[in-house]
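Residues per chain are reported as follows:
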Amino acid sequence: MICFQKVDIHSVGGFVKDIILPKRNDPEFLMSSAFVSTDRIRSLFTEAMSQMYRTEVPQYGTLIELVADVNREVLAANPELRERLNRAGELARIDVERHGAIRLGTAEELFTIRRLFAVMGMQAVGYYDLSVAGVPVHSTCFRPIDEAALSVNPFRVFTSLLRLELIEDETLRAEAEAILAKRRIYTPRALALIERHEQAGGLTEAEAIEFVGQALETFRWHGEATVSAETYKRLHEAHRLIADVVSFKGPHINHLTPRTLDIDEVQRRMPERGITPKAVIEGPPRRDCDILLRQTSFKALEEPIAFADEAGRKQGTHTARFGEIEQRGVALTAKGRARYDQLLASVRGEVQVGAAGAKATDYDNELAERFKALPDSWDAMRREGLAFFRYSAAPAGLAAAVRGKLPSDVEALIATGYLTSDPIVYEDFLPVSAAGIFQSNLGMDQQQNYATRSNRAAFEDALGASVQDELELYAELQSGSLDAAMTMLGIAGPQLKTVA
Ligand code: OOG
Ligand code: NI
């Protein structure tokens, strides 16, 4: 650790130092004044969060082991899948976390979190209104946008802002506001490094390591509530989520989510390892061609906490933290998404899963049955404009282009094998699924539906920026890839615009 005496990063937390530096403790690198990429900072952050969360929530470590076992088995049984993942550079980081979630209390906290995530190359994409599901928050996803960054590390954070205006009791609302106004969730050094990043345009390796250590302070668990037992009880009665956001020093990370290659199998095996899964897997059913996002979680743990008036004695308990897994498929176009939303709504209208998981099997069966209406082949989904694809010029096409002019029609080019298409992965979240994850972990597993009270303008005001439209991002990726492929094949023209 000689490098530490040479560079001025004494305020790096010992914890971060221990987990990150053994992997990259080259003194020259640490002393370099060159900026590191935002991708690098995001990767350091993901790793540090993963280590911290495993220490904080041991059951999460058990879930990670189960996911790794199942992934290993799936890969052993599917050499073709293994090869595809290997080609895409995915194999080495298959078990690395894909997302986490936090819940913020004030507009200022959201404003600053946007700046904090920007240091790691993450921007706000999408607006999710969870009030429809009886959860008083609205949310966005902070994630990398461009393809290169996503392929280095797609880690994203589902970030919710509490909507105190939805609390009916005015006295309680004022009290919650006053409690939140007093807390400071960012360390002064984190704020200074965010400013340094904004002004200088980046951070050096040493600064990046320090930044990650400081950022971790915001997301760590605090077993000491900032409120009395009596206040906690009243907040909890108003809504469990309000107690979770208002009663603590900061927005503890409430879950992390690795990627699984077989979500049904992990769900099935959770009880064998002493983990209780939520009743149903959220999202679309199992298919040959995966669409959007499937997720499931284990029930949040009941953890001991100490109230402010009890001098550090662990008197109460709080339920907030859990573990989740995800499996991603192709991003759907507006047309495909409308079909998905309508099919899902029809299933949920038909079968309501009860609090203790009653009717879960009926729900799964109905889901599988109704989704048969949606084509389950890449080709059909592409031709019908239901999903987004990345196009590329095939070697055969490039060879043919040298010999003569090619047809300009996309379908003809695909049929001749001159043009190929690959599904574009869905990088975002699903509001109905997110609501299901929230409800399960707030101990309200019963599915509920409320009237929408979305307020995107207020959210963007607090954020200090507008959220990006996820569909536009996928459409740009698709049309950009098609333009590039057509150019390589020596074809140009307005026919490109006709693809959904
Ligand atoms: C977030 C729940 C939503 C997901 O994966 O849809 C979520 C929360 O409980 O704070 O993480
Ligand atoms: Ni999640």
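Let us look at the structure shown here. Owing to the predicted nature of the structure, the values given are computational and were not obtained by experimental measurement. Along each chain, residues carry numbers from 1 onward, in the same order as the chain's sequence is written. Chain labels run from A onward and ligand labels from 1 onward, assigned in the order the entries are written. Per-residue local features of the predicted model are confined to residues with pLDDT of at least 70, and side-chain atom pairs are confined, for both listing and counting, to 80 or more; whole-chain, interface and lining totals are unaffected and use all residues. Think of the side-chain values as coming from all heavy atoms in the structure, minus any hydrogens and water.

Remarks on the overall build of the protein chain
Here's step 1: Helix and strand labels come from DSSP, where a helix needs a run of H or I of at least four residues and a strand needs a run of E of at least two; each type is numbered from the N terminus. Assigned secondary structure in the protein chain consists of 22 helices and 11 strands.
Here's step 2: With residues, only the protein chains shown are counted as cover, and all accessible areas are computed by Shrake-Rupley using a 1.4 Å probe. Looking at the protein chain as shown, the accessible area adds up to about 21300 Å², and 51% of this sits on carbon and sulfur atoms.

What to know about empty space enclosed by the protein
Here's step 1: Only protein atoms enter the 1 Å grid used here. Points where a 1.4 Å probe fits but cannot escape make up a cavity, open sets with protein on both sides within 12 Å along at least five of seven lines make up a pocket, and a residue lines them when an atom lies within 4 Å of a point. Grid points are joined across faces, edges and corners, and a volume is the space filled by probe spheres set on the points. Enumeration over the complete set of coordinates arrives at three cavities of 30 Å³ or more.
Here's step 2: One number sums up the size of the largest cavity: a volume of about 120 Å³.
Here's step 3: Listed by contribution, the elements that provide at least two residues to the lining of the largest cavity are β1 (97-104), β4 (156-162) and α20 (431-441).
Here's step 4: Top contributing element to the lining of the largest cavity by residue count: β1, with four residues.
Here's step 5: When residues are sorted by character, Ala, Val, Leu, Ile, Met, Phe, Trp, Tyr, Cys and Pro go into the nonpolar class, Asp, Glu, Lys and Arg into the charged class, and all the rest, Gly among them, into the polar class. Across the lining of the largest cavity, the residue classes break down as eight nonpolar, five polar and two charged.

A short note on the layout of surface pockets
Here's step 1: Taken as a whole, the largest pocket encloses approximately 1600 Å³ of empty space.
Here's step 2: Along the wall of the largest pocket there are 46 residues; nearest its centre are Arg-84, Leu-85, Arg-259, Pro-423 and Val-425.
Here's step 3: Of the residues forming the lining of the largest pocket, the biggest block, five residues, is contributed by helix α6 (residues 79-87).
Here's step 4: Taken together, the residues of the lining of the largest pocket sort by class into 17 nonpolar, five polar and 24 charged.

Some words on the packing of helix α7 (residues 107-118) against helix α21 (residues 456-463)
Here's step 1: To obtain each axis, a line is fitted to C-alpha atoms, and for helices this fit is confined to the stretch in contact; angles are then taken between N-to-C directions over 0 to 180 degrees. It is at 7 Å that the axes of α7 and α21 come closest, and there the two elements cross at 65°. Every residue of α21 that contacts α7 at Ala-107, Leu-110, Phe-111 and Arg-114 is listed here: Phe-459, Ala-462 and Leu-463.
Here's step 2: Partitioning the contact of α7 with α21 into residue classes produces six nonpolar, no polar and one charged. We call two residues in contact whenever any of their non-hydrogen atoms come within 4.5 Å of each other.

Thoughts on the nonpolar core
Here's step 1: Judged by nonpolar contacts, the single largest core of 75 residues is most densely connected at Leu-130, Ile-291 and Leu-419.
Here's step 2: Tallying contributions element by element places helix α13 (residues 240-246) first for this core, with five residues.
Here's step 3: In this structure Ile-291 touches Pro-284, Gly-329, Val-330, Leu-332, Tyr-340, Phe-371, Leu-374 and Met-381, once residues within four positions along its chain are discounted.
Here's step 4: By size, the runner-up hydrophobic cluster in this structure holds 64 residues, among which are Met-52, Leu-63, Val-74 and Tyr-186. Buried residues of nine kinds, namely Ala, Val, Leu, Ile, Met, Phe, Trp, Tyr and Cys, make up a nonpolar core once their side-chain atoms join them within 4.5 Å. Exposed residues in this analysis have more than 50% of their type's maximum accessible area, buried residues have under 20%, and partly exposed residues fall in between, with area computed by a 1.4 Å probe over protein chains only.

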